[in-house]
Amino acid sequence: MKNKKLIRSFAILLFLSFTMIKELSFSQNIKALPAPINTLKFTELSPSISADGKILVFESNRQGEWKLFESRKNGNTWSLPVAISKIGTNNFEKAPFGAPCLSYDGNTIFFSGNGKDSGGHEDIYFSVRDSTGWSAPKNIGGAINTIDEESFPSLSADGQSLYFARAKYPTSTKAEQRCYKIMVAKRKADGTWEKAVELPSNINAGCEQAPRIMLDGSTLIFSSIRKGGKGGFDLYKTQLQNDGTWSNPVALDNLNTPKSEQMIASPACGDFSYFAKEGDIYVAPLISDPLVLFELSVKDSLTKKAINTPVSIFETSASQQLLTILSSSESNGKYLAYLSARGKFLIEINEKDYTLTKQIIDLSSKKDCEKIVVDMLLSKKPAPKNTLTQEVIVTAPAPIKNPTNNTTSNNTATKDSKVMTLNFTAFNKVTNEQMSAEFIVTSENTGEVYKGRTQQANDFFSIPLTRKDILKVQVKAEGYADGNSTIEIKDLNKGHHDYAIPMVVDRYPLTIKVIDAETKDAIKDATIKIVDLDASEVKNATARPQSNDYVANLKISSRYEFILNAEDYIELKEKVEKAPAGNSINFMLYKNSIPITFEVIDNETEKPVKAFIDIKLEKLRRNILFKNETKARVRVTTQEVFTVETSALKYVTKHSTFNMPDFDATKKYEYTIHIEKAMTLLTIKPKNRITKEAVVPDKIIVTNLSNINNKAKIDHLSNGDALLSLNPEDKYHLEIRANGYDVFEQDLSKINQAELECLLIPIQKQKGIYLTAIDSTSGKPLEATFLLSTTKTKKNYTVSTNSRLPESFLALENKDEYEVEITAKDYHVKKVTFKYTPTKNPMLYTMMLVKIPTQVTKKESPSNVTPPPTTAPKVQKSIDGSNVQNLSTIEKGQSVVLDKVYFEQSSFILQKESYAELDKLVGLLQKDTQIKIEIGGHTDNIGDSRLNLALSENRARVIYNYLVSKGIAESRLFFKGYGSTKPVAPNDTEENKKKNRRVELTIQ
């Protein structure tokens, strides 16, 4: 669960922050928290934040053992973290310990640990804040903790759901990546927990960890290793649906990297979410919408006594989706919820013996973290005026007054028939008052239709019924949504039966104001066309007498489009999805105007750039945003001043101000905005190649190979590192000089990392050689043993390499011939012979070992890959390898350049684009089975000649091994590294140097 942190990663901002456009700025605002939260030498994990964003709890080993720490935010800074003394490894048997979850009210901590009462495995514990600080930890109990391992607890904001991770407890002490299943347990009314259940398979896909439930109670973010991920544990988000299912998880690719991201925490307000990565705590722009703390109290309107009853909260959209049902855990009738600070909500309480009560709260103008207190008073239902109840049959002892029955049926009952009279009425669902309405009753058995109307309160629409039947009742009333009910008559009894159909208001009067956008004056004589998008109906708003307003009576359930016109103004079309707050809406019209054009241009190339262009009209006090456009056009009705913010990916955000010199409809007003590319920040970290210790260089030289006039900016850091500001489109040459070390040189291009480790070779005073062993396919260093024997002096030497020391030095004084045997676990033994002559600087000998296949077949590994002497090529020209169709057509000694084989920079690791060319070569060699070739590696003259020679040989060797692995006989292949000794062009330009960096095939 925890790995010791060796080196703290530096989080470097790759591009300058875009201040207004979240889509572009998100990844650039991800950064590690500074001290005192993160430390350089220790590990910080599992951040958890209170709802107000002011309390941070995390775990760290900064005091020699794992403890939980608490820090408080003061302004924009965090206080020095304080260890929670009562929660630590002294309370528990051993690590793993931690994964804390701070409840959103900041008063309870849940965490996991191997407690003395957990039976030797990891359980979930909790501690409560009290007058002395934090209480001693308590085991949460058997409903959640089992004989398996439980960890990563996360409590919902309402305290009713606990999410956590469960896994079989490991029987092996070997460190391995732990995979869990995500679980959830619900709290019972008595405060205990129900048995936990596993979340569905679209969440538990195989290897999950660290679930975190967000403040809204429906958003779950967890870590997972799954197909399509970026590597390690990635963060995924899923939503709890109204039907109880979970949406398919979506990767948070703005946060995910090849490293592992875990344990995300988001407050109700503030700017940041917090998560753990690489042993540090990072922040990123807030991943969830800002929330408002909503506090509700429910009381009797007369007695003012608290009422504990379920409270439903709905969206105010047409669908009126149910968001949550609140319940009070206290006797004071108070409820708490976190709601979006960007919307409106319908609060509904339907308590027995009380009138249905609804209230809309508008939070769209509230600030993040603002506390909103609402009191709702419930009124007792009045005593019924009649024997009517909603959809309940009541049999009266005597018939009631029966109004005229207008029906399309001629069906009449005989005197001997058993007749039941059905009486229908309609009532307002909110006020419970009866109302006039039109009724259509259809018999499902006979198809007969009965129609009628009630004219006033206490009036009924009646029909006779002589047989069992199923009746479909439709009720219509002006300003109300249609009421529909189905009534099944199973027993035919004489007398009358009364049915009351509830009706819901579906109309509201809308007041419309039409305003001049510049002067803010009301516009008279406007025409307003209103299109019902759901019913495809069109109506016009009417002017209100003695007023500048317009009015229209609209349906609550419909969506509308408003089309506004006025003389000398631009037509406005605007859609309204739901009833506006206060049943009032304002529209602003702009006068006919002249266009102003803004174009975004790359400062260096003069080419258009797609950008976010935010234009503020200073006089009009209006902002207009254009997204991913090279040009933006606005229209103005008077001389204006424009403040423009221009943001584009990989460019520096620019702020510009433009003043119109005049206002002339015959002129063109066009403005050009030049933006510069954002610099990539690269930290250069010089280190001793042998000891890996930091080296303080004497000089760092960076040359721009693409544009000599565009120099790189170098900031030298106190620890010897250097911070380079580079244009990501340019190529550079890096040179590092340090006393006692060889000059380090490397070309830089297409930089996509934040740090570059530069390994400097110390100048050895002793004469000798360096030995290293690498995998023949991947090029990775191996732990190997080298046994050397001299042929003259008969001396034996043994040296080894390991992960800490991949290159081993052997001091040699005299000229001699050496036989070397190299052994490594799971690799073929290799034997080579070389002649040693003392040189000024030690030589590096790289031995490439071939891995033993899983299905071992006895086959001699190559023992001597030194190519036989060859005659000089007859033709010293190269021909394009892509044009070669048959190797037999090439003359002996002629060279062919493999122009589509690429290696990592300053490395002999093949890039994946190279394999298509190599596979083509395999096909040619299989076609001409008698052809033998030499694979020759070549470099330019930049850098140490001996390193170039070793690099070129290793590159040739890699291709040799690839061809052998594809079945080409070793006897047909030879390889050799020539370094910079055989250039095909002068090393005077970058283009010529590129020609010299090549791999050639020579026909033997």
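Heads up: the structure comes first, above all this text.
Computed from a predicted model, the values in this text were never measured in an experiment. (Residues numbered from 1 in each chain as written. Predicted model: local features only at pLDDT ≥ 70, side-chain atom pairs only at ≥ 80, totals over all residues. Heavy atoms only, no water.)

Peer 1: Quick question: what am I supposed to make of the sheet that holds strand S20 (residues 261–265) here?
Peer 2: What holds strands together in a sheet is hydrogen bonding between their backbones, with the strands either parallel or antiparallel. One open sheet holds the four strands; their spatial order is S1-S22-S21-S20, and the pairing between them is antiparallel. Two strands lie at the open edges of the sheet, namely strand S1 (31–32) and S20, each paired on one side alone. In this structure, S1 lies alongside strand S22 (residues 280–285), joined through two bridges in antiparallel fashion. The residue bridging Ala 32 from the neighbouring strand is Tyr 282, located in S22. (Pairing = 2+ DSSP bridges. Helix = DSSP H or I, 4+ residues; strand = E, 2+ residues; numbered from the N terminus.)

Peer 1: What should I look at first to understand the environment of Phe 642 in this one?
Peer 2: By the element assignment, Phe 642 lies in strand S50 (residues 641–647). Since its relative accessible area comes to 0%, Phe 642 is described here as buried. In this structure the C-alpha to C-alpha distance between Phe 642 and Lys 616, which are 26 residues apart in sequence, comes to 5.6 Å. Aside from chain neighbours lying at most four places away, what touches Phe 642 is Ile 596, Phe 598, Ile 615, Lys 616, Leu 617, Val 634, Val 636, Ser 656, Thr 657, Phe 658 and Met 660. (Buried < 20%, exposed > 50% of the residue type's maximum accessible area, 1.4 Å probe, protein only. Contact = heavy atoms within 4.5 Å.)

Peer 1: Got a minute to help me understand the pattern of salt bridges in this structure?
Peer 2: Opposite charge on two side chains allows them to pair when their charged atoms are near. Scanning the model with the defined rule gives 25 salt bridges in all. Measuring nitrogen to oxygen at the nearest pair gives 4.0 Å for the salt bridge that ties Lys 259 to Glu 278. A residue pair is termed long-range when its members are at least 10 positions apart, and Lys 259 in the loop between strand S19 (250–251) and S20 and Glu 278 in the loop between strand S21 (272–277) and S22 qualify at 19 residues. Given a relative accessible area of 44%, Lys 259 falls into the partly exposed group. When its relative accessible area of 29% is taken as the criterion, Glu 278 is described as partly exposed. In this structure, the salt-bridge partner of Glu 438 is Arg 453, at a minimum N-O distance of 3.6 Å. Placement of the pair is Glu 438 in strand S32 (residues 437–443) and Arg 453 in strand S33 (residues 449–454), with a sequence separation of 15 residues. Of the residues examined, Arg 453 reaches a relative accessible area of 40% and is grouped as partly exposed. Bridged by salt links that share partners, the residues Glu 70, Arg 72 and Arg 129 form one connected network. (Salt bridge = Lys/Arg side-chain N within 4 Å of Asp/Glu carboxyl O.)

Peer 1: Looking at this structure, I do not really get the pairing of S22. What am I missing?
Peer 2: Note on strand geometry: in a regular strand, side chains alternate between the two faces of the sheet. Burial analysis of S22 places six of its six residues in the buried class, which makes it a mostly covered element. As judged from the six bridges shared by S21 and S22, these two strands associate in the antiparallel manner. Residue Ser 273 lies in a different strand from S22, and its bridge partner there is Ala 284. The loop that links S21 with its antiparallel partner S22 comprises two residues; one of these, Glu 278, has a positive phi angle of about 55°.

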